[in-house]
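Reading the structure
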Amino acid sequence: MERDHLPFHPGGWAPRLDDVPMWERHLRLLWDLGDDPVELAVESIQVNPALGVTQIFTGAPVTVYADGLMSYGPTRNKIDPLVGTRVDRLLHLDLVPGLVPLLLTEFGVEPEIVPTDAFVKVLSELVDTAEELPALPDEPALLLGQYLSALDILTAEEEEDLHVRMLRGVVELGHTRVVFKPHPSAPARWSRALEQEAERLGADLTVLDTPVLAEVLYQRLRPVLVVGCFSTALLTAGALYELPVARVGTATLLDRLTPYENSNRVPVTVVDALLPELTDRAAVAEQRRGMDIDLLNELVRAVGYAMQPKIYPNLRLAAEAYLSRRLNAHSWRYFKRKRLTSLALPGAVPAQLAFIPRNATVRRVARRARLLKRTVSR
């Protein structure tokens, strides 16, 4: 097949504006819809193909469902009001009871919780779908891999070390039966590195190569501890199955995420602020929450505004209030001084130094210094 005739990947396809009426006629004919009214239920409305489908059915009301932590963060892209104003509800899991989703609130969309009991019942029907699992130990510590190097957040070596830290941490807590659930796309060498470390530590490690939902493992293994970085599965473990959880590596990720509006920022922020760090033995044992829910709501709104100030200008006062009262040595990890400066928020560069980026003399000296450096390097 000629390259020019290859079909689009669904995520790379979008209907051309002039073709929208033709697409609607075609899909109604193909799906035998006739002239009946249509309602849409989509997940990631900010991107295709979900966005394209909502653009094709121009008059259809839209329900957005979000099964992960990103529902608590801001909408990642500015959505056409012709689409956004048709969204009438956001369905989400109650992963953090009391934390209010920010997603799509710029259109006044009301969040609606999917009943936890109903969702768990659906998951229970999947428990027998993983019959090909190898023999697994009872009540192990379960380590969750995410393949963060594929997102260019960590290097492959750093992510491999992150998994080793998980293993060391659970062994130090006294857990010698360990199951590692790698990301399906993760390289096999990570498993070998973990196996070598487990042998050194005297731990009984099982690497689970069979693709399976973490929630299925929760039901079949009842792990004594679930450890990960910022996977949504950490919150489903605690919120849906009342399993002990611990986090690793979130401080590094908060520092590495770029640009600041990276859509993973709120999920990492929520996990970092809420769950105990693996090396804090007392916090893990007590399942001590790092932040009360009211303060977490304030933090998420401040971070959300800093991420998307043009989409959520109404959150500026809330962000200013949080930063004025709550910015300290610990909470600085959730913000960047450069970002706060560009938005003229509390915590920005001190006023007496704010002239520097705009000062023509300083800029001229900086240009001469860079030129001199290039000349010398030649």
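Look up: the structure comes first, before these words.
1. Quick word on the sheet that holds strand β4 (residues 111–114)
Pairing in this open sheet of four strands is parallel, and the strands run β1-β2-β3-β4 from one edge to the other. Whereas interior strands pair on both sides, the edge strands pair on one side only; in this sheet they are β1 (40–42) and β4. Within this sheet the neighbouring strands show an average axis-to-axis angle of 25°, counted without direction. Sheet analysis places β1 next to strand β2 (residues 62–66), joined by three bridges and oriented parallel. In the sheet register, A41 faces β2, and the bridge partner there is T63.

2. Re helix α1 (residues 20–30)
Of all the positions in α1, only V20, E24, L27 and R28 are classed as buried. In an axial view of α1, the angular spread of the buried residues amounts to 100°, which keeps them on one side of the axis. Among the exposed residues of α1, those oriented more than 90 degrees off its buried face are R25, L29 and L30. Of the surrounding elements, those touching the buried residues of α1 are α2 (50–56). Directly beyond the C-terminal end of α1, a positive phi value near 55° is found at D32.

3. Some thoughts on the nonpolar core
Grouped together as the largest cluster of nonpolar side chains are 88 residues, with contacts concentrated most on V170, Y218 and F335. Among the elements that make up this core, the one with the highest residue count is helix α12 (residues 293–307) (nine residues). With residues up to four places along the chain from it excluded, the contact list for V170 reads A141, L143, H175, V178, L225, V227 and L278. Formed by 21 residues, the second largest nonpolar core is a distinct cluster that contains F57, V64, A66 and I79.

4. Considerations on the pairing of strand β3 (residues 87–93)
On any regular strand, side chains alternate: one points to one face of the sheet, the next to the other face. Buried residues dominate β3, accounting for five of its seven residues. Strand direction decides the pairing type here: β2 and β3, joined by five bridges, are parallel. Paired with T63 across the bridge in β3 is R89. In terms of strand pairing, β3 meets β4 through four bridges, oriented parallel. By the bridge assignment, L90 is partnered in β4 with P111.

5. Considering the packing of aromatic side chains
As enumerated under the stated definition, the model contains four aromatic pairs in all. Ring geometry for W13 and W23: centres 5.1 Å apart, planes at 75°, overall edge-to-face. With a gap of 10 residues between them, W13 in the segment before α1 and W23 in helix α1 connect regions that are remote in the sequence. Exposure remark for W13: the relative accessible area of 18% places this residue in the buried category. Relative to F57, the ring of W31 has its centre 6.4 Å away and its plane inclined at 15°; by these criteria the two rings are stacked. In this pair, W31 is assigned in the loop between α1 and β1 and F57 in the loop between α2 and β2, connecting sequence segments 26 residues apart. By relative accessible area, W31 is classed as partly exposed at 48%.

6. Observations regarding the sheet that holds strand β6 (residues 177–181)
Taking strand neighbours across the sheet as the criterion, the five strands line up as β7-β6-β5-β8-β9 in an open arrangement whose pairing is parallel. Sheet topology places β7 (204–207) and β9 (245–247) at the edges, where each strand pairs with a single neighbour. Between one strand axis and the next, the sheet turns by 20° as a mean value, whatever way the strands run. Along the sheet, helix α7 (residues 214–221) makes contact with β5 (141–144), β6 and β8 (225–228), crossing β5 at roughly 175°.

7. Some thoughts on the environment of L167
Structurally, the position occupied by L167 is in helix α5 (residues 156–172). Residues L167 and E195, spaced 28 residues apart in sequence, show a C-alpha to C-alpha distance of 9.8 Å.

8. Concerning the side chain of T54
Topologically, T54 is positioned in helix α2. Residue T54 is classed as buried on the basis of its relative accessible area, which comes to 0%. Of the polar contacts made by the side chain of T54, one reaches the backbone oxygen of L51; its length is 2.7 Å. Every residue in contact with T54, bar those within four places of it in the chain, is listed here: L40, V42, I45, V62, V83 and R86.

Rules and cut-offs
- Residues numbered from 1 in each chain as written.
- Predicted model: local features only at pLDDT ≥ 70, side-chain atom pairs only at ≥ 80, totals over all residues.
- Heavy atoms only, no water.
- Pairing = 2+ DSSP bridges.
- Helix = DSSP H or I, 4+ residues; strand = E, 2+ residues; numbered from the N terminus.
- Axes fitted to C-alpha atoms, helices over the stretch in contact; angles between N-to-C directions.
- Buried < 20%, exposed > 50% of the residue type's maximum accessible area, 1.4 Å probe, protein only.
- Arc of directions from axis to C-beta.
- Contact = heavy atoms within 4.5 Å.
- Core = buried A, V, L, I, M, F, W, Y, C linked by side-chain atoms within 4.5 Å.
- Phe/Tyr/Trp six-rings, centres within 6.5 Å; stacked < 30°, edge-to-face > 60°.
- Polar contact = N/O pair within 3.5 Å; in protein donor to acceptor, adjacent residues only side chain to side chain.

So, to be careful, I would describe these as geometric facts and stop short of saying anything about function.
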